[in-house]
Amino acid sequence: MTGLDVAGLQRRLAEFAAARGWGPYHTPKNLAAALSVEASELLEIFQWLTPEESARVMEDPRSAHRVADEVADVLAYLLQFSEVLGIDVLAALAAKIDRNELRFPVPEIKDRHSPE
């Protein structure tokens, strides 16, 4: 798929919901709850896997399909939630990364060859 962008996906999701009369149910509270449920469904896939098994989850086509579907559901609800509240998700993410870079600076590495 080419030409995908956040605004276009949000438009498609809004049109999908509007065509089905779901708009009144897409409140911030309901969308936040749905987002949490979908994130939990993603977590459920990994619940009893070892760290090694979880790293290989995409190798099995059945589990890979489940993971991709749940990621899509999480993203869909996040985009709908953000649209309803007027949040620019890319700007919000960029601002959060900026704050985290200030909050968690890269540790200075001492030169092993220079005296302390």
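In this report, we go over the structure that sits alongside the text. Since the structure is predicted, the reported quantities are computational estimates derived from the model, not experimental observations.

### So, helix α1 (residues 6–19)
Across its 14 residues, α1 extends 20 Å between first and last C-alpha, which sits within 8% of the 20 Å expected from 1.5 Å per residue. Inspection of α1 places Gly-8, Gln-10 and Ala-17 among the buried residues, and these make up the whole buried set. Where α1 is buried, its residues contact α4 (61–85). Measuring from the side-chain oxygen of the N-cap residue of α1 to the backbone nitrogen of Ala-7 gives 3.1 Å; that N-cap residue is Asp-5.

### Structural notes on the packing of aromatic side chains
Under the counting rule described, the total for this entry stands at one aromatic pair. An angle of 70° between the planes, with centres 5.5 Å apart, marks the rings of Phe-16 and Trp-22 as edge-to-face. Overall, the relative accessible area of 41% leaves Phe-16 in the partly exposed class. It is Arg-20 that lies over the ring of Phe-16; its NZ or CZ is 3.5 Å from the centre.

### Some remarks on the pattern of salt bridges
Tallying each qualifying case throughout the model produces one salt bridge. Close ionic contact of Arg-62 with Asp-60 constitutes a salt bridge, the shortest N to O distance being 3.5 Å. In this structure Arg-62 comes out as exposed when scored by relative accessible area, which is 65%.

### Here we look at the packing of α1 against α4
Contact geometry of α1 with α4 gives a least axis separation of 10 Å together with a crossing angle of 90°. By the angle between their directions, the pair α1 and α4 is classed as roughly perpendicular. The residues of α4 that touch α1, namely those facing Val-6, Leu-9, Gln-10 and Leu-13, are Ala-76, Leu-79, Gln-80, Ser-82 and Glu-83. Partitioning the contact of α1 with α4 into residue classes produces five nonpolar, three polar and one charged.

### Comments concerning the packing of helix α2 (residues 28–46) against α4
Remark: α2 packs on α4, axes separated minimally by 9 Å, with the N-to-C direction vectors making an angle of 160°. The pairing of α2 with α4 is recorded here as roughly antiparallel in orientation. As for how α2 packs across α4, the hand of that crossing is left-handed. Across the interface between the two elements, Pro-28, Leu-31, Ala-32, Ala-34, Leu-35, Glu-38, Ala-39, Glu-41, Leu-42, Ile-45 and Phe-46 of α2 pack against Arg-66, Val-67, Glu-70, Val-71, Asp-73, Val-74, Tyr-77, Leu-78, Gln-80, Phe-81, Val-84 and Leu-85 of α4.

### Observations concerning a nonpolar patch on the surface
On the surface, a cluster of nonpolar side chains totalling about 350 Å² of accessible area is made up of Phe-16, Trp-22 and Tyr-25. In this structure, Trp-22 sits in the loop between α1 and α2.

### Some points on the environment of Ser-54
Summarising the element assignment, Ser-54 is placed in helix α3 (residues 51–55). Setting aside chain neighbours within four positions, we find Ser-54 in contact with Phe-46 and Leu-49. A distance of 2.8 Å separates a polar side-chain atom of Ser-54 from the backbone oxygen of Pro-51.

Reading the values: the criteria
Residues numbered from 1 in each chain as written. Predicted model: local features only at pLDDT ≥ 70, side-chain atom pairs only at ≥ 80, totals over all residues. Heavy atoms only, no water. Helix = DSSP H or I, 4+ residues; strand = E, 2+ residues; numbered from the N terminus. Expected span 1.5 Å × (residues − 1). Buried < 20%, exposed > 50% of the residue type's maximum accessible area, 1.4 Å probe, protein only. Contact = heavy atoms within 4.5 Å. Polar contact = N/O pair within 3.5 Å; in protein donor to acceptor, adjacent residues only side chain to side chain. Phe/Tyr/Trp six-rings, centres within 6.5 Å; stacked < 30°, edge-to-face > 60°. Lys NZ or Arg CZ within 6 Å of the ring centre and 35° of its normal. Salt bridge = Lys/Arg side-chain N within 4 Å of Asp/Glu carboxyl O. Axes fitted to C-alpha atoms, helices over the stretch in contact; angles between N-to-C directions. Parallel < 35°, antiparallel > 145°, perpendicular 65-115°, else oblique. Nonpolar A, V, L, I, M, F, W, Y, C, P; charged D, E, K, R; others polar. Left-handed = near helix turned anticlockwise from the far one by under 90°. Patch = residues over 30% accessible without salt bridge, like charges linked within 9 Å, V, L, I, M, F, W, Y side chains within 5 Å. Areas by Shrake-Rupley, 256 points an atom, 1.4 Å probe, with all protein chains shown as cover.

Nothing here speaks to function; it is geometry throughout.
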